[in-house]
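Next come the chains, spelled out residue by residue.
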Amino acid sequence: MKITKENDRLAVPAKVTVPFIEGDGVGREITPICREIVDYAVAKAYSGRRAIEWKEVLAGEKAFNATGRWLPEETLETFREYLVGIKGPLTTPVGEGIRSLNVALRQTLDLYVCLRPVRWFRGVESPVKAPQKVNMVIFRENTEDIYTGIEWQQGTPEARKFLQFLTGEMGIKKIRFPETSSFGVKPVSVEGTERLVRAAIRYALKNQLDSVTLVHKGNIMKYTEGGFKNWGYALAEREFSEEIAAGKITIKDVIADAFLQNTLLTPEKYSVIATLNLNGDYISDQLAAMVGGIGIAPGANINYESGHAVFEATHGTAPDLAGKNTVNPSSLLLSSVMMLEYMGWNEAATLITKAMETSFVNREATSDLARFMPNGKPLGTVQFGEKIIQLMH
């Protein structure tokens, strides 16, 4: 049975099919474990009334070896058809062609929000003094900015042609070393900004969070990042003026470099963050480090209009760790929790997060976390999964 979108709401059948990409490298270890944990949580939470039927689709090395294509059209069509899916980490192909499979998925399916909630779990050691103050949700724009890949390499005919356009047609005189420069274009649109900020504000209101902060570098890039700030404020005033006037939500902004400093000094001042693609990349990883590392940082790519969502591990394939039963599955597992919450299966999601926190409080975790815990007890990947199921039981 398929998830559908009806009257701006997801309709999720009790027995639902969810497509998944196993992933490359450590994906082959963490994906089966996460599926097992999710299946157990769903069965326990709903006494068998609900269940997930997993449907594997191919991408990355596994797809290339089987089909000769890194991202088969059949995979994209399956995600389009079933709306909600999940993926392990994927290898970025070497050489020409697709720059990033992750970016290709986001842009092809128009998954314009990269949603990254960041919170601290009790028991996890952190490099900051008060990690419990870090509790933010990042709305990172997913389809624009420099990640569109509009670039020309130094020395190519395309780069020379673009240089001629800049200097001859546009009268640009500020390029320091024009003959040896590569060039990139940074598109930022009104529409792209508005749909991201709208989604961030709706999320904040729905979850009773008090502010949305627009993070930008508009003091330097006045028409792109500055436009993002101005268009974001205009959207908020136009569509959410009543909520703002009633004190239900505050819209504010901060320069990106100041924000990175402020998150270390006063993280409690921020709840929902709306930002552009590159800023969001930096911000997500810094905040993840503040609560223990990217190994426990989940993520999702969502189009709130169509309902399409692909949940994912936020780390890479880590080929040096693959097959050693040491990798931490928590990023993909917490992304699975996000998927359950997106589907409205909150009871199953809560079972998993409570079990994870209990394990961390008991100082039982994979070695990347356990090594920093006082008297930490390192568990293998498989053993950690078994521990989570045991704690849910």
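For the structure itself, look to the data block above.
Residues numbered from 1 in each chain as written. Predicted model: local features only at pLDDT ≥ 70, side-chain atom pairs only at ≥ 80, totals over all residues. Heavy atoms only, no water.

**Overview of the side chain of histidine 308**
Along the polypeptide, histidine 308 turns up in the loop between β13 (298–302) and β14 (309–313). Overall, the relative accessible area of 14% leaves histidine 308 in the buried class. A distance of 2.8 Å separates the side chain of histidine 308 from the backbone oxygen of arginine 80, its partner in a polar contact. Residues within four places of histidine 308 in sequence aside, it is in contact with Phe79, Arg80, Leu83, Leu111, Asn301, Ile302, Asn303 and Tyr342. (Helix = DSSP H or I, 4+ residues; strand = E, 2+ residues; numbered from the N terminus. Buried < 20%, exposed > 50% of the residue type's maximum accessible area, 1.4 Å probe, protein only. Polar contact = N/O pair within 3.5 Å; in protein donor to acceptor, adjacent residues only side chain to side chain. Contact = heavy atoms within 4.5 Å.)

**Considerations on a nonpolar patch on the surface**
Taken together, the side chains of Phe165, Met170 and Ile172 present a nonpolar region at the surface, about 270 Å² in accessible area. You can see phenylalanine 165 is positioned in helix α5 (residues 157–169). (Patch = residues over 30% accessible without salt bridge, like charges linked within 9 Å, V, L, I, M, F, W, Y side chains within 5 Å. Areas by Shrake-Rupley, 256 points an atom, 1.4 Å probe, with all protein chains shown as cover. Salt bridge = Lys/Arg side-chain N within 4 Å of Asp/Glu carboxyl O.)

**Digging into the layout of surface pockets**
Quantified by volume, the largest pocket comes out at close to 1,500 Å³. Those elements that provide at least two residues to the lining of the largest pocket are β2 (9–11), β6 (113–119), β7 (135–141), α6 (190–206), β13, α11 (330–342) and α12 (346–361). Of the residues forming the lining of the largest pocket, the biggest block, six residues, is contributed by α6. Considering only residue class, the lining of the largest pocket consists of 28 nonpolar, nine polar and 11 charged. What the second largest pocket holds in volume is close to 520 Å³. Taken together, 29 residues form the lining of the second largest pocket, with Ser100, Asn102, Val103, Arg106 and Tyr147 sitting closest to its centre. Every element with two or more residues in the lining of the second largest pocket is listed here: α4 (101–108), β6, α10 (277–290) and β14. Tallying contributions element by element places α4 first for the lining of the second largest pocket, with six residues. Taken together, the residues that form the lining of the second largest pocket break down as nine nonpolar, 11 polar and nine charged. (1 Å grid on protein atoms, 1.4 Å probe; cavity = no way out; pocket = protein on both sides within 12 Å on 5 of 7 lines; lining within 4 Å. Points joined across faces, edges and corners; volume = space filled by probe spheres on them. Nonpolar A, V, L, I, M, F, W, Y, C, P; charged D, E, K, R; others polar.)

**Digging into the sheet that holds β7**
Taking strand neighbours across the sheet as the criterion, the 10 strands line up as β4-β3-β5-β14-β13-β6-β7-β12-β10-β11 in an open arrangement whose pairing is mixed. Two strands in the sheet have a free side with no partner beyond their single neighbour: β4 (51–56) and β11 (250–255). Direction aside, neighbouring strands of the sheet carry axes that sit 25 degrees apart on average. Where strand β5 (residues 84–87) and β14 come together, four bridges link them in parallel fashion. Paired with isoleucine 86 across the two strands is phenylalanine 311, which belongs to β14. (Pairing = 2+ DSSP bridges. Axes fitted to C-alpha atoms, helices over the stretch in contact; angles between N-to-C directions.)

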